[in-house]
Amino acid sequence: MTSTNVKRCDGRLENQLRPFSFQRQFTKYAEGSVLVCCGETKVLCNASVEERVPPFMRGQGRGWVTAEYSMLPRATHTRSMREAAKGKISGRTQEIQRLIGRSLRAVTDLEAMGEITVQIDCDVLQADGGTRTASITGAYIALYDALNHLVTKGVLNELPLKDSVSAISVGIVAANPLLDLDYQEDSNADVDMNFVITGTGKFVEVQGTAEEEPFSLEQLDELRNLALQGCRELTSLQRQSLDLES
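Since this is a predicted model, take the numbers as computed values, not measurements.

Here we take up the pairing of strand β2 (residues 32-38). Burial analysis of β2 places seven of its seven residues in the buried class, which makes it a mostly covered element. Both faces of β2 are covered, namely the face carrying G32, V34, V36 and C38 and the face carrying S33, L35 and C37. Sheet topology places strand β1 (residues 20-24) next to β2; five bridges connect them, and they run antiparallel. Opposite F20, over in β2, you have C38 as the bridge partner.

In structure tokens:
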């Protein structure tokens, strides 16, 4: 895509990611742990290994990868109540944690895992848009490290991953197609989309909504191409963080 050099409030071009960083082994006890920073959005992703599977999977010889997502009370401008204090998980939280789990399972060889569960916990420490996409992108690194831990211990013979996965938001704001929306852009977007894409460029999930005016096929293609570009960049950053060949 050719940039039209639209300047955004943080100085980025329309096809430019926010600064991304991954700090692995951020916590002491989890088998896989990473703090992912995407601009002002910060998410802690921990991967915990259990050498058992949920009851509905017992005896099948297959593994399981699942996720939980939460936003800490002061992740935003004003304090929000913990969902545990409310006594129920919101529909938004359920949707996001199911999305994270689906995204990770799409690139995991569950048959090769045996009856092992990897539980991913994504906790938003600070939110400025893109928390679900940052969670997926960071959770993959935590999952990789947790599974690699099992290989190192001799529990698994090889890493049961078929591909990598990352996710990014795109949207149309004031008639401009933008990559990686922050909160201000997301809250003013005419079209808001999230793409989950594997390292080899296959689509795991696409979520898209028009707020007022429907979007055209040409606009959809433009947003898709922006997302593909963004996820290619994220895949490269993931590989650099994991010390893999680029």
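Turning to the pattern of salt bridges, a few remarks are in order. Following the criterion strictly, the structure yields 12 salt bridges and no others. Here D145 makes a salt bridge to R24, at a shortest N to O gap of 2.9 Å. Of this pair, D145 sits in helix α4 (residues 131-153) while R24 sits in strand β1, and the two are 121 residues apart along the sequence. One salt-bridge network, held together by shared partners, links R8, D10, R12, R18, D180 and E185.

In this section: α4. For α4, spanning 23 residues, the distance from its first C-alpha to its last is 32 Å, which sits close to the expected 33 Å at 1.5 Å a residue. Counting buried positions along α4 gives 18 out of 23 residues, so the element sits mostly inside the fold. Directly after α4, the chain includes G154, whose backbone phi takes a positive value near 85 degrees.

When the UniProt feature table is mapped onto this chain numbering, "binding site: phosphate" (unreviewed entry) sits at R92, G130, T131 and R132. A maximum C-alpha distance of 13.6 Å is found for the annotated residues, which run over 41 residues; spatially they form one tight group. None of the other annotated residues line the largest pocket; only R92, G130, T131 and R132 do. If you trace the backbone, R92 turns up in helix α2 (residues 91-105). Using a relative accessible area of 38% as the deciding quantity, one classes R92 as partly exposed.

The next subject is the UniProt feature "domain: Exoribonuclease phosphorolytic" (unreviewed entry) in the chain. Within this structure's numbering, the places UniProt gives as "domain: Exoribonuclease phosphorolytic" (unreviewed entry) are residues 16-146 and 164-229. For residues 164-229, the helix share is 27%, the strand share is 44%, and the end-to-end C-alpha distance is 15 Å.

As summarised here, the arrangement of the four strands in space is β7-β6-β8-β9, forming an open sheet in which the pairing is antiparallel. Each of the sheet's edge strands pairs with one partner strand only, and the pair in question is β7 (176-179) and β9 (203-210). For this sheet, the mean angle separating the axes of adjacent strands, direction not counted, is 15 degrees. The pairing of strand β6 (residues 165-173) with strand β8 (residues 191-198) spans eight bridges and is classified as antiparallel. What sits directly across from A167, in β8, is V196. In this fold α2 packs onto β6, β8 and β9, with an angle of close to 150 degrees to the strand it touches most, β9. α4 rests against β6, β8 and β9 of the sheet, and its axis sits at about 160 degrees to β6.

On to the nonpolar core, then. Across soluble globular proteins, nonpolar side chains show a tendency to be buried alongside one another. If you look at the biggest cluster of nonpolar residues, it comprises 60 residues, and the most contacted ones within it are I100, L104, V118, I120 and Y140. The leading source of residues in this core is α4, at 11 residues. Ignoring anything within four residues of it in the chain, the contact list for I120 reads N46, A47, V65, T66, A67, E68, L104, A139 and L143.

Okay, unusual backbone geometry next. If you check the backbone angles, A174 has positive phi at about 50 degrees while not being a glycine. Checked against the element boundaries, A174 lands in the loop between β6 and β7. You can call A174 exposed: its relative accessible area is 59%. Look at A175: it is not a glycine, yet its phi comes out positive at around 75 degrees.

The subject of this paragraph is the layout of surface pockets. The space that makes up the largest pocket amounts to roughly 480 Å³. In this structure, the largest pocket is lined by 22 residues; those nearest its centre are R92, G129, G130, R132 and D186. Elements represented by at least two residues in the lining of the largest pocket include exactly α2, α4, α5 (183-187), β8 and β9. Together, 21 residues line the second largest pocket, and Y69, S70, M71, E83 and T93 are the ones closest to its centre. Put simply, the parts of the chain that give the lining of the second largest pocket at least two residues each are β4 (64-71), α1 (83-86), α2 and β5 (117-126). Top contributing element to the lining of the second largest pocket by residue count: β4, with four residues. Each residue belonging to the lining of the second largest pocket can be placed in one class, and the counts come to eight nonpolar, six polar and seven charged.

Cut-offs applied
Residues numbered from 1 in each chain as written. Predicted model: local features only at pLDDT ≥ 70, side-chain atom pairs only at ≥ 80, totals over all residues. Heavy atoms only, no water. Buried < 20%, exposed > 50% of the residue type's maximum accessible area, 1.4 Å probe, protein only. Helix = DSSP H or I, 4+ residues; strand = E, 2+ residues; numbered from the N terminus. Pairing = 2+ DSSP bridges. Salt bridge = Lys/Arg side-chain N within 4 Å of Asp/Glu carboxyl O. Expected span 1.5 Å × (residues − 1). UniProt positions renumbered as here; feature names shortened; annotations may be inferred. 1 Å grid on protein atoms, 1.4 Å probe; cavity = no way out; pocket = protein on both sides within 12 Å on 5 of 7 lines; lining within 4 Å. Axes fitted to C-alpha atoms, helices over the stretch in contact; angles between N-to-C directions. Contact = heavy atoms within 4.5 Å. Core = buried A, V, L, I, M, F, W, Y, C linked by side-chain atoms within 4.5 Å. Points joined across faces, edges and corners; volume = space filled by probe spheres on them. Nonpolar A, V, L, I, M, F, W, Y, C, P; charged D, E, K, R; others polar.

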